[in-house]
2 protein chains.
Amino acid sequence: MELGDRKKSILKAIITDYIETAEPVGSRTIAKKYEMGISSATIRNEMSDLEDLGYLEQPHTSSGRIPSDKGYRTYVNYLMQVNYPTNEEIELIKNYMKFATVYEVDKIIKRTIKLLSQITMYTSAVLTPSVNRSTVKSIQLIRVSARDVIAVVVTDTGIIKNVVIKLPKEVSTESIMRISNMLNSKLYGLTIEEIDLAVISSIQNEMRGYSEIFNAILPVIYDSLKANDCDVYLEGATNIFNYPEYDDRDKAYNFLSMIENKDVLIEALSSGDDNITITIGKENEIEEIKDCSIIKASYKVGGKTAGTIGVIGPTRMNYARVIGIIKCLTDILNDILKSP
Amino acid sequence: MELGDRKKSILKAIITDYIETAEPVGSRTIAKKYEMGISSATIRNEMSDLEDLGYLEQPHTSSGRIPSDKGYRTYVNYLMQVNYPTNEEIELIKNYMKFATVYEVDKIIKRTIKLLSQITMYTSAVLTPSVNRSTVKSIQLIRVSARDVIAVVVTDTGIIKNVVIKLPKEVSTESIMRISNMLNSKLYGLTIEEIDLAVISSIQNEMRGYSEIFNAILPVIYDSLKANDCDVYLEGATNIFNYPEYDDRDKAYNFLSMIENKDVLIEALSSGDDNITITIGKENEIEEIKDCSIIKASYKVGGKTAGTIGVIGPTRMNYARVIGIIKCLTDILNDILKSP
DNA sequence: ATTAGCACTCTCATTTAATGAGTGCTAATT
DNA sequence: AATTAGCACTCATTAAATGAGAGTGCTAAT
């Protein structure tokens, strides 16, 4: 269904205005504020058409119109122009990010979403890469005390994972080192998913003398890597109080409960493809966020797609601005994290 | 200023009622609901006295009375009886906690505060132990790639810290191991605060051959340990929506903003002594939480005082119940974490 | 095809009045 | 001297009434 040019520009004006004011937009506002060259009555007729076509909604008879999810979708796909940060702003962002004297993926990313929530004024989140689909870059055992061992697993996606293991009996540093070396050489380059019975028994074969210790260690590491697959961090949850859609106590409560629930967030942020993904209102499959929009993009570590950063807020979101900022931020982030 | 018995029991009744109902309490309510054996007129006079003495406040003339901070303080110190969980409840709690197949202080504690927020229905938080005042139980370097090294520091308070170090030039596994062993033997048993110039130059002396690498490594580790001294985790922030004091949008916003600010939380939770510390309303030095109460207790790892867990909520808190639960939970927690 | 004009609708803020819980005071009672 | 009944008064809360304002939809004129 192709819209005429006039309908398009009216729709664009309405959405622009609504994003700015959060008030239902009336025909007279459009006629006065935006130079349309036609009277409010004509706009009224067009608006009526746009409503019939599903691009607009009326909260109640004789109020202005607000965009529907379909309206926003059209706006995002065809009408708006992405609003990129200026060069000066980009410099500021880069400076803020460059602090990273220490190369720690975790910290850099947390800092990124903090910035993201601050400049967008929405809630931002990051989904850390799935451990399962990362490959092992290094796995080493550290003997902390007679019966305590920590396995430190580093993945190509920059995750460092500590697995604490309590051994059934005392073990020498020697033995630990031998097992450690063996594990490292055998598991290097594999994803967690690829570690199967064949791999394990191959290691066990070469470790006959240590089978008891070995059997105490491997399952724990394996379970731990499998279990806590990925993680989310949040920033700026209270930013929603800036927006009148959350003046209603229950709305605010629902939003905050939703983001307090990690499972929901993980689902909401995952499966963003390489580029920017925008999900508007009911397009979202998750019940709890059917009145929110999410803008998310994946970032890369060492050139490999790792996790996802995103912004979540009301469907009346400043798409043009947020998209610009996220694009800019992921570019900078990818650059910082590109070194292998 | 000693209160008479009758004043005491009236004060207790008022506070009990107010904690339950969140409504200003009137003299008639007390006379009817609590068997006082005196008329509402008499209670009225006593209440007037209690207000003059500062134990009660009146939101406006001709409304019931609500407790002042001083009133709550008296209630907590002299009037209430701590309400411990029943044996069955304790068993449930223990079962929930016992899941810990893996001995990881971090996870166990996060699980504890999750439980704490769920059964108290308030917001709970944990302050992890100060790294500075913990002693090094193990420090080891792991070579991840030619120029990447990770230092894994384990403290007696159960903290595992990973410090990522990018070396200026390629270094052999041999060298790393030698430095690692040296660091471990020299720093073992010291607190971070105790690591001073004397210690560092003593190590440098024995590591003449590696001074370049060594100088690249040590400052990074040192800074990292110093910098991020302690951390807080939160659970159940949205629980405040259960309480009418946060029906007001601004109140809720203030509370949630406060909680989102880690510095405030750290300050609020620190310096709890060994036992349970209760801070009521304006007793709190921090501006942002002058209308909240905090109940906190420190927990021990391996017998040594480590971090603090706490509950934060409105001054109209169910002190008797929360104190009982926190006492019970720290006991269980200390028991789980007592093994060295 | 467009627009001016007008009746109609619905929300929101304000006013008004009624209700009710609770106090404080005084005078009577124990 | 302490307690209590009784009553006038205060203040918050609620519901109903009112009016202004923004906006639409329709009709007739351009």
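Just so it is clear, the model here is predicted, and its values are computed rather than measured.

Take the protein's contact with DNA strand C next. Around DNA strand C sit 20 residues, and of these Arg6, Thr42, Thr61 and Ser62 of chain A together with Ser27 of chain B come closest. Counting only the atoms of DNA strand C within 4 Å of the protein, the fraction contributed by sugar and phosphate is 79%. Within the contact set of DNA strand C, a phosphate oxygen lies 3.0 Å away from a side-chain nitrogen or oxygen of arginine 6 of chain A. Looking at the surface near DNA strand C, the elements that each hand over two or more residues are helix H3 (40–52) of chain A together with helix H2 (27–33) and helix H3 (40–52) of chain B.

Another point: the packing of aromatic side chains. Residues and elements named next belong to chain A. Taken as a whole, this structure holds 8 aromatic pairs over all chains when the rule is applied. Pairing tyrosine 72 with tyrosine 319 gives two aromatic rings, centres 5.7 Å apart and planes at 50°, and the pair type is tilted. Taken together, the positions of tyrosine 72 in helix H4 (residues 69–79) and tyrosine 319 in helix H12 (residues 319–336) put the pair 247 residues apart, joining distant regions of the chain. Against the face of tyrosine 96 rests arginine 111, its NZ or CZ located 4.1 Å from the ring centre.

Moving on, we come to the interface of chain A and chain B. Accessible area lost on assembly of the parts is the figure often given for the size of an interface. Facing 34 residues of chain A, the contacting portion of chain B comprises 34 residues. Between chain A and chain B the total buried area reaches about 3,100 Å² when both faces are included, carbon and sulfur atoms providing 61% of it. Scanning the region where chain A abuts chain B turns up 2 salt bridges. Linking aspartate 247 of chain B and arginine 249 of chain A is a salt bridge whose minimum nitrogen-to-oxygen distance equals 2.4 Å. Here chain A is connected to chain B by 12 residue pairs in polar contact (both at pLDDT 80 or more). Secondary structure elements with two or more residues in the side of chain A that touches chain B: strand E4 (136–145), strand E5 (148–155), strand E6 (160–166), helix H9 (211–227) and helix H10 (249–260) of chain A. Top element by residues in the side of chain A that touches chain B is E4 of chain A. It accounts for 6 residues.

This next bit is on the relation of the copies chain A and chain B. The operation relating chain A to chain B is a screw motion whose rotation component is 180°, with 0.0 Å of axial translation and a residual RMSD of 0.1 Å. The relationship between the two copies is best expressed as a two-fold rotation axis. The position closest to the rotation axis in chain A is occupied by the C-alpha of arginine 249 of chain A, lying 3.3 Å away. Taken as a fraction of all interface residues of chain A, those also at the interface in chain B reach 97%, which identifies the copy contact as same-surface.

A few words now on the domain arrangement of chain A. Residues and elements named next belong to chain A. Annotation of chain A at the domain level lists domain 1 (5–79), domain 2 (87–129 + 230–336) and domain 3 (136–227). Each of domain 1 and domain 2 was reduced to a C-alpha centroid, and the two centroids are 28 Å apart. With 9 residues of domain 1 in contact, the opposing surface of domain 2 contributes 13 residues. Taking both partners together, domain 1 and domain 2 bury about 930 Å²; carbon and sulfur atoms supply 62% of that area. It is Ile19, Asp69 and Arg73 that lose the most area in domain 1 upon contact with domain 2, and together they represent 51% of the buried surface on that side. There are 1 salt bridge connecting domain 1 and domain 2. The salt bridge partner of glutamate 283 is arginine 73, with a shortest N-O separation of 2.6 Å. In this assembly, domain 1 and domain 2 are joined by 4 residue pairs in polar contact (both at pLDDT 80 or more). Residue assignment for the side of domain 1 that touches domain 2 shows that the elements contributing at least two residues are helix H1 (5–21) and H4. In terms of residues, the side of domain 1 that touches domain 2 owes the most to one element, H4, which gives 5 residues. Of the residues belonging to the side of domain 1 that touches domain 2, the class tally is 6 nonpolar, no polar and 3 charged.

Counting residues in each nonpolar core, the largest one holds 148 residues, and the members touching the most others are Tyr319 of chain A together with Tyr319 of chain B. Ignoring any residue separated from it by four or fewer positions in sequence, one finds tyrosine 319 of chain A in contact with Ile19, Tyr72, Tyr75, Val76, Met80, Ile278, Ile280, Ser293 and Ile295 of chain A.

A few words on the environment of threonine 42 of chain B. Residue and element names in this part refer to chain B. Of note, threonine 42 is situated in helix H3. For threonine 42, a relative accessible area of 25% puts it in the partly exposed group. When the C-alpha atoms of threonine 42 and alanine 31 are compared, they prove to be 9.4 Å apart, with 11 residues separating the residues in sequence.

The environment of DNA strand D is made up of 20 residues, and the closest members are Ser27 of chain A together with Arg6, Ser39, Thr42 and Ser62 of chain B. Counting only atoms of DNA strand D within 4 Å of the protein, the sugar-phosphate share comes to 80%. The side chain of arginine 6 of chain B places a nitrogen or oxygen atom 2.8 Å from a phosphate oxygen of DNA strand D. Contact distances for DNA strand D include 3.3 Å between a base oxygen and a side-chain N or O atom of arginine 44 of chain B. Of all the secondary structure elements, the ones that give two or more residues to the surface near DNA strand D are helix H2 (27–33) and H3 of chain A together with H3 of chain B. The element best represented in the surface near DNA strand D is H3 of chain B, accounting for 4 residues. Of the residues contributing to the surface near DNA strand D, the split by class is 3 nonpolar, 13 polar and 4 charged.

Whenever strands of a sheet pair, they do so through backbone hydrogen bonds, lying parallel or antiparallel. All names here are of chain A. Here we have 5 strands laid out as an open sheet, ordered E7-E3-E10-E9-E8, and antiparallel in their pairing. Only two strands of the sheet have a single neighbouring strand rather than two, namely strand E7 (232–235) and strand E8 (276–280). Averaged over neighbouring strand pairs, the angle between their axes works out to 20° when direction is ignored. Relative to strand E10 (residues 304–314), strand E3 (residues 123–127) is paired through 5 bridges, and the arrangement is antiparallel. Among the inter-strand pairings, alanine 125 is bridged to a residue of E10, identified as glycine 310. Across the sheet, helix H11 (residues 262–269) lies against E3, E7, strand E9 (292–301) and E10, angled at about 95° from E7, the strand it touches most.

Residues and elements named next belong to chain B. Where helix H5 (residues 87–98) contacts helix H12 (residues 319–336), the axes come no closer than 11 Å and their chain directions differ by 40°. Between H5 and H12, the angle falls in the class oblique. Considering how the two elements wind past one another, H5 and H12 form a crossing that is right-handed. Only Cys328, Leu329, Ile332, Leu333 and Ile336 of H12 make contact with H5, whose side of the interface consists of Ile90, Ile93, Lys94 and Met97.

Our focus in this paragraph is the packing of helix H6 (residues 105–120) of chain B against H12 of chain B. Residue and element names in this part refer to chain B. Closest axis-to-axis distance for the H6/H12 pair is 11 Å, and the angle between their directions is 160°. Classified by the angle their axes make, H6 and H12 are roughly antiparallel. Our pair here, H6 against H12, has a crossing hand that is right-handed. Every residue of H12 that contacts H6 at Ile108, Thr112, Leu115, Leu116, Ile119 and Thr120 is listed here: Arg321, Val322, Ile325, Ile326, Leu329, Leu333 and Ile336. Along the lines of polarity and charge, the residues of the contact of H6 with H12 split into 10 nonpolar, 2 polar and 1 charged.

The rules behind the values
Residues numbered from 1 in each chain as written. Chains lettered and ligands numbered in written order. Predicted model: local features only at pLDDT ≥ 70, side-chain atom pairs only at ≥ 80, totals over all residues. Heavy atoms only, no water. Near = heavy atom within 4 Å. Polar contact = N/O pair within 3.5 Å; in protein donor to acceptor, adjacent residues only side chain to side chain. Helix = DSSP H or I, 4+ residues; strand = E, 2+ residues; numbered from the N terminus. Phe/Tyr/Trp six-rings, centres within 6.5 Å; stacked < 30°, edge-to-face > 60°. Lys NZ or Arg CZ within 6 Å of the ring centre and 35° of its normal. Contact = heavy atoms within 4.5 Å. Buried area = accessible area lost by both parts, 1.4 Å probe. Salt bridge = Lys/Arg side-chain N within 4 Å of Asp/Glu carboxyl O. Least-squares fit on C-alpha atoms with pLDDT ≥ 70 in both. Domains from an automatic or database assignment. Nonpolar A, V, L, I, M, F, W, Y, C, P; charged D, E, K, R; others polar. Core = buried A, V, L, I, M, F, W, Y, C linked by side-chain atoms within 4.5 Å. Buried < 20%, exposed > 50% of the residue type's maximum accessible area, 1.4 Å probe, protein only. Pairing = 2+ DSSP bridges. Axes fitted to C-alpha atoms, helices over the stretch in contact; angles between N-to-C directions. Parallel < 35°, antiparallel > 145°, perpendicular 65-115°, else oblique. Left-handed = near helix turned anticlockwise from the far one by under 90°.

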